[in-house]
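# A closer look at the structure
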Amino acid sequence: MENIKVLVNKYCRDTVFSQKYYDRMAKLGNVSVFDGEDFEDKEYYLNFVKGATVIVTSWSSPVIDKEILELCPDLKAVLHAAGSVKPIISDDFLQKKVRITSSACAIGEGVAESALAFAISACKGFYQLNEFTVHGGWWDFPHEIVKDFYDIKVGVISGGFVGRHMVKLLKSFHVDIVMYDPTLTKEQIAEIGAEKVTLEELLSDSDVITIHAPSIPATNNMINRENLKLIKDGAVLINTARGSVIEEAALIDELKTGRFFACLDVTEPEPPAPDNPLRNMPNVILTPHIAGTVTNGKRRIALHVCEELERFVNGEKMRTEINLDELSKMA
């Protein structure tokens, strides 16, 4: 039986986990749940984690450093109940090559669903029509602002967990799906369910552009002053990834022309300044970074951790195990 230590703070215990998930883990090993408010008392959490063969971490969990590794000589895996694993990884962890998974895919499902909601509602003109009807309008609305979510082209930027789930969702609709991801081959993207195109082709040909790229040096300002001009009139641009992917000043200038509509869940920096034009532009919907898991949706993460633990204990390949040699390419 595995010695499973859930090393998460009170906030994560209250929002991510619940007893039913601890019970599910308990079928696979001896489960101990950290009971501290936070991790300020180092001696207390080191004593707690001692002897673990599996550690469950989340936001604000301690770094799995030399001290923890020495107290857990038989540590086999870390299951991270959050997105990026970088905050909990140390050089000693990398050297020991303990297996580790991320819950980015569980969070990403919510992000993709939010992007789809943005796409449909923006195409249908819901945001403008709401403003129109609030001021007394009805049948006399400008019909050209409405585009049914049918027989259009949707461009997905990045074929990671979120982009893949987005394609899966889009398969329920009669739309053409193209994808830009320089790390994937034409065959790999076809397997996902999309057609591989260049970034320029995606921007110029798509009716809906949805960004799911990670925030890494290679994607900084990937959407910039030069290629923003390629976006076709009447298109919808959605960013539920990271604000750094778009050159924001250039985006604002382009949006001022009114050529296309933008749904933005992220900015750079966050929050945007009170006088940031994005806050009051008529062709922009701005939400406060809520596309992923916010409230009850965080339970997806606990479910994912349980499923990965079951795969690990049963000797199966874990779905989201991270190749630590490729950590620099990840968010």
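It should be emphasised that the depicted structure is a prediction, and the values quoted were computed from it without experimental measurement.

Calculation rules
Residues numbered from 1 in each chain as written. Predicted model: local features only at pLDDT ≥ 70, side-chain atom pairs only at ≥ 80, totals over all residues. Heavy atoms only, no water. 1 Å grid on protein atoms, 1.4 Å probe; cavity = no way out; pocket = protein on both sides within 12 Å on 5 of 7 lines; lining within 4 Å. Points joined across faces, edges and corners; volume = space filled by probe spheres on them. Nonpolar A, V, L, I, M, F, W, Y, C, P; charged D, E, K, R; others polar. Patch = residues over 30% accessible without salt bridge, like charges linked within 9 Å, V, L, I, M, F, W, Y side chains within 5 Å. Areas by Shrake-Rupley, 256 points an atom, 1.4 Å probe, with all protein chains shown as cover. Salt bridge = Lys/Arg side-chain N within 4 Å of Asp/Glu carboxyl O. Lys, Arg positive; Asp, Glu negative; His and termini not counted. Charge placed at Lys NZ, Arg CZ, Asp CG, Glu CD. Helix = DSSP H or I, 4+ residues; strand = E, 2+ residues; numbered from the N terminus. Axes fitted to C-alpha atoms, helices over the stretch in contact; angles between N-to-C directions. Parallel < 35°, antiparallel > 145°, perpendicular 65-115°, else oblique. Left-handed = near helix turned anticlockwise from the far one by under 90°. Contact = heavy atoms within 4.5 Å. Buried < 20%, exposed > 50% of the residue type's maximum accessible area, 1.4 Å probe, protein only. Pairing = 2+ DSSP bridges. Arc of directions from axis to C-beta.

## Details of empty space enclosed by the protein
Taken as a whole and assessed by the stated rule, the structure comprises 1 cavity of 30 Å³ or more. In terms of lining residues, the largest cavity is bounded by Asn239, Gly243, Ile246, Glu248, Leu251, Leu264, Val266, Thr267, Glu268 and Leu278. Residue composition of the lining of the largest cavity, grouped by class: 5 nonpolar, 3 polar and 2 charged.

## So, a negative patch on the surface
Taken together, the side chains of Asp151, Asp176, Glu195, Glu200, Glu201, Asp205 and Glu226 present a region of like negative charge at the surface. With 3 residues, helix α10 (residues 199-205) is the largest single contributor of residues to the negative patch. The residue aspartate 151 is located in the loop between α7 (126-134) and β6 (153-157) in this model.

## Considering the packing of helix α6 (residues 104-123) against helix α8 (residues 161-170)
Remark: α6 packs on α8, axes separated minimally by 8 Å, with the N-to-C direction vectors making an angle of 50°. Classified by the angle between their axes, α6 and α8 sit oblique to one another. For the pair α6 and α8, the crossing hand works out as right-handed. Together, Cys105, Gly108, Glu109, Val111, Ala112, Glu113, Ala115 and Leu116 of α6 and Phe161, Val162, His165, Met166, Leu169 and Leu170 of α8 make up the contact between the two elements. Of the residues that constitute the contact of α6 with α8, the class distribution is 10 nonpolar, 2 polar and 2 charged.

## Focus on the pattern of salt bridges
One pass over the structure, following the stated rule, counts 15 salt bridges. Across the pair lysine 76 and glutamate 2 runs a salt bridge whose closest N-O atoms are separated by 3.0 Å. Here lysine 76, found in the loop between α4 (66-71) and β4 (77-81), pairs with glutamate 2, found in strand β1 (residues 2-6); they are 74 residues apart in sequence, far enough to count as distant. Judged by relative accessible area, which is 13%, glutamate 2 ranks as buried. Shared partners join several salt bridges into a network, and the residues in it are Lys229, Asp233, Glu254 and Arg259.

## Considering the sheet that holds β1
The strands that make up a sheet pair up through hydrogen bonds in the backbone, lying either parallel or antiparallel. Taken in spatial order, the 5 strands make up an open sheet running β2-β1-β3-β4-β5, and their pairing is parallel. The open sheet has two free edges, formed respectively by β2 (29-33) and β5 (99-102), since each of these has just one partner strand. Within the sheet, the average angular offset between the axes of one strand and its neighbour, ignoring direction, is 20°. By the bridge criterion, 3 bridges tie β1 to strand β3 (residues 54-58) in an arrangement that is parallel. Counted as the bridge partner of valine 6 is valine 56 from β3.

## What to know about helix α3 (residues 42-49)
Within the span of α3, buried status applies to Tyr45, Leu46, Phe48 and Val49. Taken around the axis of α3, the buried residues stretch over an arc of 160°, which confines them to a single face. Turned more than 90 degrees from where α3 packs its buried face, Glu43 and Asn47 sit exposed. Along its buried surface, α3 packs onto β1, β2, β3 and α4. At the exit of α3 stands glycine 51, carrying a positive phi of roughly 85°.

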